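# Structural overview for review
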Amino acid sequence: MIRIRLKKGIKKVGWVNPWIYRNEILDIPPHEEGEICDVFDFSNNYVGRGYLNERSFITVRLLSHSPEKIDGTFFTKKIVKALKKRKKFKGAFRLVHSEADGMPGVVADLFGKHLVVQFNTLGMEKMKDKILNAFEEVLDLDGIFEKSEGRARKREGLEKSVGWIRGEGEELIPFKFDGVEYFSDTLGQKTGFFLDQRFNAKALRNFAHGIVLDAFSYTGNFSINAFKGGADKVISIDRSQRAGKIYEEILKANNVKSGYEIVIGNAFDELRKFEREGRSFDLIILDPPAFAKSRKELSAALRGYKEINLRAMKILKNGGFLATASCSAALDRESFLNVVKEAAFDVHKELRIVYFGIQSYDHPVLIGMKESEYLKFFIFEVEAIS
Ligand SMILES: C[S@@+](CC[C@H](N)C(=O)[O-])C[C@H]1O[C@@H](n2cnc3c(N)ncnc32)[C@H](O)[C@@H]1O
């Protein structure tokens, strides 16, 4: 077994953050990337067992506090535990949320009897078969779709891998929760559906009325919940034509025949255009993609967040609601709130927080790992300062 020793002063005993960075390690013996290793502190106290990839700045991801065998049984136990924690969730939920469920590098969303999985690290990629077998052992599944793609995988030196790998299923996987029929798009974004916004989308029903604008709408989760809450009209903007088409399918499945408008375009431009046209709204939702994927992108991201929030405030009716989200892990809650405050200041609006949420609890936040709290979601009541 590869032995890793940490530098003097690096404390990981009773670790709450399972990441070990390259600059915390004293030296690394010859090894194969992705291999299992044992980690010791400078005084040779046992820290834990994990897997190693020197290509990544997060060089070791810990899997266990003890030198237990990392085999199929290990993963079966982790999945059983994760499932037990989510016994309140029906229809669809995130079953494995990487580090927060003790399986760093693995994400698994369950949609009815179909599982969509992502393997984001080389260590977990190497154990893929064992992990897939464990999922099949614990769950009664019709199919497993792999959706391993994106930046994280590239950083680990891995190619993308997308398709049905066990059993089979449709391109659009149907599922239902909170009284809404949905589809998860196997060819869409992330695992096909943003399950993390589930509680926030349901909460939004309490604020929905009149004319609603859902910007960055993807397949319309907030839009359909606005209808559920009693909105008369919902305008949904997304630049993805495919997402717009799937939203139409969701509308049909939920028997919504009128009151919707789908705009395929750039939300920044559309918000400006609505202002020029003098259109106004009772509720505006802003749920953009992560503008800051890393700390380096933070200042450009702040400009983007400020711009859309400012534009939205300008076209909100006096006393209307602004539901605004950021899923940038690099941007903390306080800084996000500050940027919205700056936008309000510039357009002479007074804001009151009437709701605050984070990701739903099937995406738990590890208290020692601030990166795991990525989603911020506020609803503000917005009034003109007279
Ligand atoms: C975080 S997702 C929105 C998720 C959605 N609210 C939901 O709950 O399902 C961000 C969406 O923004 C879209 N998008 C990204 N940049 C855009 C832009 N400039 N204009 C319009 N849509 C954009 C993406 O296609 C994606 O669907």
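As a reminder, the structure under discussion sits directly above these lines.
Report on the accompanying structure. (Residues numbered from 1 in each chain as written. Predicted model: local features only at pLDDT ≥ 70, side-chain atom pairs only at ≥ 80, totals over all residues. Heavy atoms only, no water.)

A tally of regular secondary structure across the chain gives ten helices and 20 strands. What you see for the chain is a C-alpha radius of gyration of 22 Å, in line with the 21 Å of a compact globule of 386 residues. In terms of principal-axis extent, the alpha carbons of the chain reach across some 65 × 45 × 35 Å. Split into buried and exposed, the 386 residues of the chain put 54% on the buried side. In the chain, once contacts between residues fewer than 6 apart in sequence are set aside, the share between residues at least 24 apart is 63%. Approximately 17400 Å² of the chain is accessible, and the part contributed by carbon and sulfur atoms is 50%. Averaging the locations of the 62 positively and 54 negatively charged side chains of the chain gives two centres separated by 3 Å. (Helix = DSSP H or I, 4+ residues; strand = E, 2+ residues; numbered from the N terminus. Rg over C-alpha atoms; globule rule 2.2 N^0.38 Å. Buried < 20%, exposed > 50% of the residue type's maximum accessible area, 1.4 Å probe, protein only. Contact = heavy atoms within 4.5 Å. Areas by Shrake-Rupley, 256 points an atom, 1.4 Å probe, with all protein chains shown as cover. Lys, Arg positive; Asp, Glu negative; His and termini not counted. Charge placed at Lys NZ, Arg CZ, Asp CG, Glu CD.)

A few words now on the site of the ligand. Taken together, 16 residues lie near the ligand, and Gln189, Asp238, Arg239, Ala267 and Asp287 sit nearest. Gln189 places a polar side-chain atom, nitrogen or oxygen, 3.0 Å from an oxygen atom of the ligand. Between Asp238 and the ligand, the recorded distance is 2.7 Å, taken from a side-chain N or O atom to an oxygen atom. In the complex, the protein chains occlude 95% of the 610 Å² of accessible area that the ligand would expose alone. Among the residues forming the shell around the ligand, the class breakdown is seven nonpolar, six polar and three charged. (Near = heavy atom within 4 Å. Polar contact = N/O pair within 3.5 Å; in protein donor to acceptor, adjacent residues only side chain to side chain. Nonpolar A, V, L, I, M, F, W, Y, C, P; charged D, E, K, R; others polar.)

This part is about the pattern of salt bridges. If charged atoms from side chains of opposite charge come close, those side chains can pair. By the definition in use, this model includes 36 salt bridges. As a salt-bridge pair, Asp185 and Arg242 come within 2.7 Å of each other at their nearest N and O atoms. Placement of the pair is Asp185 in strand 13 (residues 180–185) and Arg242 in helix 7 (residues 241–253), with a sequence separation of 57 residues. On the basis of relative accessible area, Arg242 is assigned to the partly exposed category, the value being 33%. Between Glu373 and Arg333 there is a salt bridge, with its nearest N and O atoms 2.8 Å apart. With Glu373 in the loop between strand 19 (349–357) and strand 20 (376–384) and Arg333 in helix 10 (residues 333–346), the pair connects residues that are 40 residues apart, well separated along the chain. (Salt bridge = Lys/Arg side-chain N within 4 Å of Asp/Glu carboxyl O.)

Scanning all chains against the criterion turns up 29 aromatic pairs. Taking the centre distance of 5.4 Å and the plane angle of 20 degrees together, the rings of Phe175 and Tyr182 count as stacked. Neither Phe175 nor Tyr182 differs from the other in exposure class; each is buried. Between Phe216 and Phe291 the ring centres are 6.4 Å apart and the planes differ by 75 degrees, which places this aromatic pair in the edge-to-face class. With Phe216 in the loop between strand 14 (211–215) and helix 6 (221–228) and Phe291 in the loop between strand 17 (281–286) and helix 9 (298–314), this residue pair connects regions lying 75 residues apart in the sequence. On the basis of relative accessible area, Phe216 is assigned to the buried category, the value being 16%. (Phe/Tyr/Trp six-rings, centres within 6.5 Å; stacked < 30°, edge-to-face > 60°.)

In this section: the sheet that holds strand 10 (residues 143–148). Strand order across the open sheet formed by five strands is 7-8-9-10-11, with mixed pairing between neighbours. Whereas interior strands pair on both sides, the edge strands pair on one side only; in this sheet they are strand 7 (92–97) and strand 11 (161–167). Between one strand and the next, the sheet's axes are offset by a mean angle of 20 degrees, whatever the strand orientation. (Pairing = 2+ DSSP bridges. Axes fitted to C-alpha atoms, helices over the stretch in contact; angles between N-to-C directions.)

Glancing now at the sheet that holds strand 20. Taken in spatial order, the seven strands of this open sheet run 16-15-14-17-18-20-19, and their pairing is mixed. A single partner strand is all that each edge strand has here, and the edge strands are strand 16 (260–264) and strand 19. Sheet twist, expressed as the average angle between the axes of neighbouring strands with direction ignored, equals 15 degrees. Looking at chain direction, strand 14 and strand 15 (residues 233–238) are connected through five bridges and run parallel. Pairing of Val212 across the sheet is with Val234, part of strand 15. Contacting strand 15 and strand 16, helix 7 crosses the sheet at an angle of about 165 degrees to strand 16. Sheet strands touched by helix 9: strand 17, strand 18 (316–326), strand 19 and strand 20. Its angle to strand 18, the strand with the most contacts, is close to 155 degrees.

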